[in-house]
Each structure stands twice: as C-alpha cells, then as structure tokens.
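Per-entry structural report
Residue strings, one per chain:
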Amino acid sequence: MKDFEKFFKDVPSNSLSAVIAVAMDMNASYNKLVTKHLPKARIVYDRFHMQSQFGRDVLGTVRLDEARRHKAKEKEILADISDDTDKETMKSLKQEAKAEKQEYSQLKKLRWSLLTNSDKLSDSKTEQLQSILQDHHDRACKIKCVS
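Residues numbered from 1 in each chain as written. Predicted model: local features only at pLDDT ≥ 70, side-chain atom pairs only at ≥ 80, totals over all residues. Heavy atoms only, no water.

**Examining the nonpolar core**
Judged by nonpolar contacts, Phe8, Leu16, Val22, Met24, Leu33, Val34, Leu38 and Ala41 together constitute the single largest core of eight residues. Going through the elements one at a time, β1 (21–24) and α3 (28–37) are the ones with two or more residues in this core. Residue contacts for Ala41: discarding those within four places in its chain leaves Val19, Ile20, Ala21 and Val22. (Core = buried A, V, L, I, M, F, W, Y, C linked by side-chain atoms within 4.5 Å. Buried < 20%, exposed > 50% of the residue type's maximum accessible area, 1.4 Å probe, protein only. Helix = DSSP H or I, 4+ residues; strand = E, 2+ residues; numbered from the N terminus. Contact = heavy atoms within 4.5 Å.)

**A word on the pattern of salt bridges**
In the structure shown here, the tally under the stated rule is six salt bridges. Its salt-bridge partner being Lys73, residue Glu76 comes within 3.9 Å of it at the nearest N-O pair. Linking Glu76 with Lys73, this pair stays in helix α4 (residues 47–79), spanning three residues, or about one helical turn. Accessibility expressed as a relative area gives 45% for Glu76, which makes it partly exposed. (Salt bridge = Lys/Arg side-chain N within 4 Å of Asp/Glu carboxyl O.)

Structural data, given as structure tokens:
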C-alpha cells in the first residue's frame, strides 16, 4: 500500500485529474487508494479476478452446501436404523447411507476440478466432474445461469 501511495504522490495532480477509469484486481487496498486519490474515476475489475472470486465464493459455497446436504442425509438415514429394523431394510439403509457418504466425499474433493480449465483436467477428473455435474444437474444449472 505504501508503494501505491507513493505513486499518487509522484504523479502530477493535473495528470491524475484526467484519469477517468482504473482497471485493477479486487484488492481492497487498491480500491481504497484509488477511491481516495481519484474519486471521480470509475473502477473496473478485471475479468480474471472476478471469475476467480466467483469460483471461490459461489462455486465453493454451492459445492459445500451440497456436500453438507449429503452428510446430513447420511446421518438421517443412519438415525432411522434401530434395534427392531429388519435385516433387509437395515442392509438397504446402510447402502443408501454409504452412497450419501461417497457423494459427500466426492464433492469435498471436487474444488480444484471445478476451478480448473476443463482442457487441463485429466481424463479421470473430467469423468468425475461430469458425473458430479450430472448427479447435481439442478445446482449446476443454477450456477451456469448466474455466471
């Protein structure tokens, strides 16, 4: 921030007054300094950093919400098993709980696959990502519509 503050002291004020827009990443310090020294200039955030932020915030939140939903479903299924549950039903419920646990684990591990350019994913990661997106089609559509 000190280096950037020095920039504003070194540049003549008549040059600064001619600035109509400033392109930057989403660093709060940059924003604060530009707003302070160039109050009339419009701030334009670059696409790379906006997409990066979107990936961290929106995709991350949706992914973790969906993972937590599977974890809660697993616990709910296991809670339904009691001492008087017949063997066949118990076996079925345990398989269902196991499937929910696997979904949870896959979603927890999916972060980098979601954020990585699809051209750079290995075949197995691409297959896993496609499977998850297909299984969670409703959420994937909501994300695509927002972006």
